[in-house]
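Summary of the model geometry
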Amino acid sequence: MARNSSSKRILILYDKGSIHVATIREHLESFIQYSSFNIEFLPASNEYWEKAITEFDNKYPKEFNYDFIVIHFSVRVSIPGFHIYKPLLNSILDVECTKVIFIQDEYENVECTRRFLDLYKPNIVFTNIPNKSVNKVYPKYRYPDTFFKHNLTGYTGDPKRYSKYTLPYKDKKNLIVYRGRELPPYYGQLGFDKYQIGKDVADYCRSNNIPHDISCKSEDRIYKELWLDFLGSSIATLGTESGSNIFDETGSFKMMFEKAKDLNPDIDNRKFYDKYFSQYDNYVKMNQISPKFFEAISLRTVLILYKGNYSNVIKPGIHYLQLKRDLSNIKDIIEILKDQSKVEKITSQAYKDVIESEKYSYKKFISYFDYILCKFSVYPSGTNQSLKLKKTIQNNIISSPIISKNIDSFHNPSTKKTPYYNFKYYYINTLKLKNNIYKSLWKFRSLLRISKHKLLRNFSSLLRKYKHKLLRNFSTFVNNSKTEFLNFMLKLKNILIRKIAPIIRKNRMIYLVIRKIYKPIKRIIANFFN
């Protein structure tokens, strides 16, 4: 726990099994080091609590007395059943305080992440999604009271931490080092780049006797302080933009590939991508800078990167050397790396603009984090205005808007304990449904009957004639598929309110009719879960 200048308390839920990754550990430690709030940490993963309760009889506080609860991105909410320990999550759901969450890797199981947000109801979400695309992934109509703030996946840490790993040019052992991995095709072109740059440059270095240490094998990955020692021992390192531009809504892309892989272990990833996934690439431009680049710059190691945006943090020729995908300019890059003065010019400029400026430092980010929380807690209505998202084109994402607070409905099958299921959340009260629909149709018909427009009066007569048949078909449809029904209701709402209403807004009578339809629809959906 960190005792700082503010009397307000923050509880940060994190995954203890992930802190071996240097960037995750540094992200967590930055709250203690720079925040003005009193910070307390609590492990939140299923794995930790199942082991801790069994071995040490550990308990978490049943009553939470905090001003803010923050879920860290190391707790993966995109995992079906959720990564967080269910009884712990159940305890914090009804806590009356400001709730915050950091999310990363938001292209995986997108709907699972949305369902968690429906359940947790955060006030503030720190996301890697660019501001202009937030509404695509997290529709405003679904999260009207949640503020989404863009942030990087990591920031620059304390320069003193890297000083002991920073070697003079003449003491560096390798010309180029890199650790990447081969990702499945559902990660898209950015996933292929991570493997391709390592493979191509390693082949070139081997054939030209250039000292290097490049690997894309999982068993060769390096963690903790050994990673900094490895990165600091080289003149240069490779890199590509981080993230994925393919958003797997339900995990179906991953499932499709894994089934194909089981049938044919030698499947060609590139061909599979071209056939099934390429059309979905670039749904959202998630290309971003990796925290590892900040580590390399802090260690005075040159970055050799493919052409990219890199979150507008670094520029080619100034902060890094741009490598063409066909390696047509690799000889020129090797010559630059052999020239100490040119290397020191690039690394010094990158260090000055990125590290010394503190523009992308944890210190500045945590200061901004504190500012957002303070402003939200003191002026919640004012925050609503100043943090309001810009309007973007409404995309066609249809999913259930109401999630039960019963945690067991999100049970993870891998958990040994048998959960208790409350089945009232899975079956529709048909009688209540019929009554609600009937009332809605009757109210709609009554409005049509008093209309001065002949077309609307004729429609009223048709509605009366076929109302019983309509109810029978509608009830059958609902009983067959609850999910399809909810999708239908949301589509109907979107059509009525977002498309038809703006066009005919000038006709007050028709507009009032549409508004009258919308309210019963909201009541019908809400009554399903009573």
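In what follows, the structure referred to is the one given above.
Now for a description of the structure that goes with this document. What you see is a predicted model; the values in this text were computed from it and never measured. (Residues numbered from 1 in each chain as written. Predicted model: local features only at pLDDT ≥ 70, side-chain atom pairs only at ≥ 80, totals over all residues. Heavy atoms only, no water.)

1. Digging into the pairing of strand 1 (residues 9-14)
The buried count for strand 1 comes to five of six residues, which makes it a mostly enclosed element. With six bridges joining them, strand 1 and strand 2 (residues 38-43) adopt parallel strand pairing. Residue Ile12 lies in a different strand from strand 2, and its bridge partner there is Phe41. Traced from strand 1 through helix 1 (residues 22-34) to strand 2, the parallel crossover comes out right-handed. Bridge count between strand 1 and strand 3 (residues 68-71): four bridges; the pairing is parallel. Pairing of Ile12 across the sheet is with Val70, part of strand 3. (Buried < 20%, exposed > 50% of the residue type's maximum accessible area, 1.4 Å probe, protein only. Helix = DSSP H or I, 4+ residues; strand = E, 2+ residues; numbered from the N terminus. Pairing = 2+ DSSP bridges. Right-handed = clockwise from strand over helix to strand, strands pointing away.)

2. Describing the nonpolar core
Core analysis: the largest hydrophobic core is formed by 76 residues, its most contacted members being Ile10, Ile176, Val201, Ile314, Leu323, Leu337 and Phe369. If we skip the residues at most four places from it in the chain, Ile176 touches Val201, Cys205, Pro211, His212, Asp213, Ile214, Ser234, Ala236, Leu238, Ile304, Ile334 and Leu337. Of all hydrophobic cores here, the second largest spans 50 residues; its members include Tyr85, Phe148, Ile267 and Phe277. (Core = buried A, V, L, I, M, F, W, Y, C linked by side-chain atoms within 4.5 Å. Contact = heavy atoms within 4.5 Å.)

3. Here we look at the sheet that holds strand 4 (residues 98-102)
Note: strands within a sheet are paired through backbone hydrogen bonds, in either parallel or antiparallel orientation. The parallel open sheet is built from six strands, whose spatial order is 2-1-3-4-5-6. Looking at strand neighbours, the two that pair on one side only are strand 2 and strand 6 (147-150), the edges of this open sheet. Averaged over all adjacent pairs, the angle separating strand axes in this sheet is 20°, with direction ignored. Helix 1 contacts strand 1, strand 2 and strand 4 of the sheet and is inclined by roughly 150° relative to strand 2. Contacts from helix 4 (residues 110-120) reach strand 3, strand 4, strand 5 (124-127) and strand 6, with the element oriented near 165° to strand 4. (Axes fitted to C-alpha atoms, helices over the stretch in contact; angles between N-to-C directions.)

4. A short note on the pattern of salt bridges
Considering all chains together, one arrives at 13 salt bridges under this definition. The residue Glu29 makes a salt bridge to Arg25 at a minimum N-O spacing of 3.2 Å. Taken as a pair, Glu29 and Arg25 lie in helix 1 at a separation of four residues, close to a single helical turn. The class of Glu29 is partly exposed, set by a relative accessible area of 39%. According to the relative accessible area criterion, Arg25 is partly exposed, its value standing at 41%. Several salt bridges share partner residues, and in doing so they unite Glu111, Arg114, Asp118, Arg142 and Glu249 into one network. (Salt bridge = Lys/Arg side-chain N within 4 Å of Asp/Glu carboxyl O.)

5. Considering the packing of aromatic side chains
Evaluation of the coordinates by the stated rule reveals 30 aromatic pairs. Seen in terms of ring centroids, Tyr14 and Phe41 are 5.8 Å apart; in terms of plane orientation they differ by 85°. Their pairing is edge-to-face. Here Tyr14 is found in strand 1, whereas its partner Phe41 is found in strand 2, with 27 residues between them in sequence. Overall, Phe41 belongs to the partly exposed group, its relative accessible area being 24%. Centroid distance Tyr107 to Tyr187: 6.0 Å. Interplanar angle 80°. Geometry classified as edge-to-face. On the criterion of sequence distance, the pair formed by Tyr107 in the loop between strand 4 and helix 4 and Tyr187 in the loop between strand 7 (174-179) and helix 7 (189-207) is long-range, its members being 80 residues apart. By relative accessible area, Tyr187 is classed as buried at 16%. A network of ring pairs unites the aromatic residues Tyr107, Tyr186, Tyr187, Phe247, Phe253, Phe257, Phe272, Tyr276, Phe277, Tyr280 and Tyr283 as a single cluster. Over the ring of Tyr283 we find Lys136, and its NZ or CZ is 5.2 Å from the ring centre. Cation over ring: Lys292 sits above Trp227, and NZ or CZ is 5.0 Å from the ring centre. (Phe/Tyr/Trp six-rings, centres within 6.5 Å; stacked < 30°, edge-to-face > 60°. Lys NZ or Arg CZ within 6 Å of the ring centre and 35° of its normal.)

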